[in-house]
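Residue-level listing of the chains:
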Amino acid sequence: AMWWCKRMKGVMNLSQVLRRGVARARSTAVRKGDARGILSDAARPPPPGSHVKRKAVMVAATGQHHGKTTVTLGMVQALLARNWNIAYQKPVGQQTVPVIDEQTGEELEIDRDVDIFKDMWPQLVGSYSDSSPVAFPPGFTRMVLDDKVQTTDLVEKCKASFERLLAASDYVVVEGTGHVGVGSIIDLNNAQVAAILGLDVVLVVPGGIGVSFDVLATNYALLKLHGVALKGVILNKVEPSKMEQNRIYYKKALDRWGVPLMGIIPSDIELPLLSMKSFAQILNGEFLCGQDKKLRFFHHTRLIVSPNDLMGDTTCDRSIQAHSLVILHTSRIDDLRAIVQQHVVHMAATGEDLAGGIVLFGPDVPGSADIAALDAAGIPTLYIQKQDQDGKGFDLIRKVMNHTHKHHKDDVGRIIRTCDHINAHIDLDAVIA
């Protein structure tokens, strides 16, 4: 017992030392006015209960590719369908695209999601610059850490832009970036942004129970640290066979926090599939033909690595399945011609397109006659320089299989389908209440 008392006394003394150290660090940060200090204005959590009810909400996620933008797309479409004046904002963006400012005519670098939303729905309230007030170009983090850019200036920019959107609209849908902690390196993570703007947060989390909830808990802890309320949770990409199980047990877990489950979205087989345009960007490829079919996507991916993959073995069916992306070396010209022939024969026999696509890699581009045949058969084809990949195509297949679909603004049909899928499975009234 005496040993335990001495041990606990030592722990308490250590705790006191740590608290004094943190207090001294805070004091130093305040004296120096450091924009990234522990008690900087950008990072200071508001007092509990200080948030007023806003006609806005932030949609954040527990990780990249968890469905944050997908859910936000659905929300914006549904709110616009109510004839509301809606604004969309991505306060802090990482992946930028150039656009021309509609007011000044100057070129701006804005977050790519803002470009998608504004292109999809031109009636959205607000300018490009207000919808994407802070965007990270390459090297931006180092600029902030070198004091070439001040976090306090970025905070004021976010606040002023948000207030203009809020005043001009019926509702503002704010989208976070990555997981809740993204942006911490410059004292502007999602929790801090939500605190600055006075917003509650709805978190999008992947399907599952144990691991999913553990990841949610770490993100929730950061929200609580900055005094931000977790308004609700939306489960995304849930296996259809496990929908009810996830609903029951996730709700039980969330009930312990007093947080509602606001949606449970089943996985959709086709929505995440990559298009030819995506492959061109991922693989740094150029279209040899079929660029008008750049939005075609595929259910199957097949790598041709041996002479018998398509020809030479009549004991089994080696024909190309419909909606297949085929990857092969440019030296396999006979295989390439066999694929074209299969498309032509299938169309003649059934009147239906196999809707395939081809990625070629190698030192030489096929001849003009073969490219013309591919074009005539309606097969979009990409060419990749050999030096960009290994000799067998395994690097290509690895990149293809490991990449996650990103929305493209010209893929309007898939965006609309995505929105309909989301809105069938979330409680929008609860999210915006």
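Residues numbered from 1 in each chain as written. Predicted model: local features only at pLDDT ≥ 70, side-chain atom pairs only at ≥ 80, totals over all residues. Heavy atoms only, no water.

Draft legend 1. Region of interest: the side chain of Asp370. Its place among the elements puts Asp370 in helix H12 (residues 368–376). A distance of 2.9 Å separates the side chain of Asp370 from the side chain of Arg337, its partner in a polar contact. Apart from the residues within four sequence positions on either side, Asp370 is in contact with Ile333 and Arg337. (Helix = DSSP H or I, 4+ residues; strand = E, 2+ residues; numbered from the N terminus. Polar contact = N/O pair within 3.5 Å; in protein donor to acceptor, adjacent residues only side chain to side chain. Contact = heavy atoms within 4.5 Å.)

Draft legend 2. Fine view of the nonpolar core. Leu203 and Leu223 are the most contacted members of the largest nonpolar core, which totals 48 residues. If we skip the residues at most four places from it in the chain, Leu223 touches Val180, Ala191, Val201, Leu203, Val228 and Leu230. Membership of the second largest hydrophobic core comes to 35 residues, among which are Ile86, Tyr128, Val202 and Ile426. (Core = buried A, V, L, I, M, F, W, Y, C linked by side-chain atoms within 4.5 Å. Buried < 20%, exposed > 50% of the residue type's maximum accessible area, 1.4 Å probe, protein only.)

Draft legend 3. Layout of the environment of Asp111. With respect to the secondary-structure elements, Asp111 resides in strand S5 (residues 107–111). For the pair Asp111 and Ser132, spaced 21 residues apart in sequence, the C-alpha to C-alpha distance is 6.1 Å. Excluding anything up to four places from it in sequence, Asp111 contacts Lys90, Gly93, Gln94, Gln95, Thr96, Val97, Ser132 and Ala135. A polar contact of 3.4 Å, which involves the side chain of Asp111, links it to the side chain of Lys90.

Draft legend 4. Structural detail: the packing of helix H11 (residues 333–350) against H12. Viewed as axis vectors pointing N to C, H11 and H12 meet at an angle of 25°, and their least axial separation amounts to 10 Å. Here H12 runs roughly parallel to H11, going by the angle between their axes. As H11 runs across H12, the sense of the crossing is left-handed. The residues of H12 that touch H11, namely those facing Ile333, Leu336, Arg337 and Val340, are Asp370, Ala373 and Leu374. (Axes fitted to C-alpha atoms, helices over the stretch in contact; angles between N-to-C directions. Parallel < 35°, antiparallel > 145°, perpendicular 65-115°, else oblique. Left-handed = near helix turned anticlockwise from the far one by under 90°.)

Draft legend 5. A look at empty space enclosed by the protein. Evaluation of the coordinates by the stated rule reveals 1 cavity of 30 Å³ or more. The space that makes up the largest cavity amounts to roughly 60 Å³. Together, Met58, Pro91, Val92, Glu175, Gly176, Thr177, Val182, Gly183, Leu188, Asn189, Asn190 and Val193 line the largest cavity. Classifying every residue of the lining of the largest cavity gives 6 nonpolar, 5 polar and 1 charged. (1 Å grid on protein atoms, 1.4 Å probe; cavity = no way out; pocket = protein on both sides within 12 Å on 5 of 7 lines; lining within 4 Å. Points joined across faces, edges and corners; volume = space filled by probe spheres on them. Nonpolar A, V, L, I, M, F, W, Y, C, P; charged D, E, K, R; others polar.)

Draft legend 6. Region of interest: the packing of helix H8 (residues 210–225) against helix H9 (residues 243–255). As a packed pair, H8 and H9 sit with axes 11 Å apart at the nearest point and diverge in direction by 30°. Judged on the interaxial angle alone, H9 and H8 are roughly parallel. You can see that H8 and H9 cross each other, and the crossing is right-handed. Along its contact with H8, which presents Ser212, Phe213 and Leu216, the element H9 presents Tyr250, Ala253 and Leu254. For the contact of H8 with H9, the per-class residue count stands at 5 nonpolar, 1 polar and no charged.

Draft legend 7. Structural view of the layout of surface pockets. In this structure, the second largest pocket encloses a volume near 260 Å³. Residue contributions to the lining of the second largest pocket peak at 3 residues, all from S5. A class-by-class count of the residues in the lining of the second largest pocket yields 8 nonpolar, 3 polar and 2 charged.

Draft legend 8. Seen up close, H8. Between the first and last C-alpha of H8 there are 23 Å, a value that for 16 residues agrees with the 22 Å anticipated at 1.5 Å per step. All buried positions along H8 are accounted for by Ser212, Phe213, Leu216, Asn219, Tyr220, Leu222 and Leu223. On its buried face, H8 is in contact with strand S1 (56–61), helix H7 (190–197), strand S8 (201–206), strand S9 (230–238) and H9. Note on H8: the residue one or two positions beyond its end, Gly227, has a positive phi of about 70°. (Expected span 1.5 Å × (residues − 1).)

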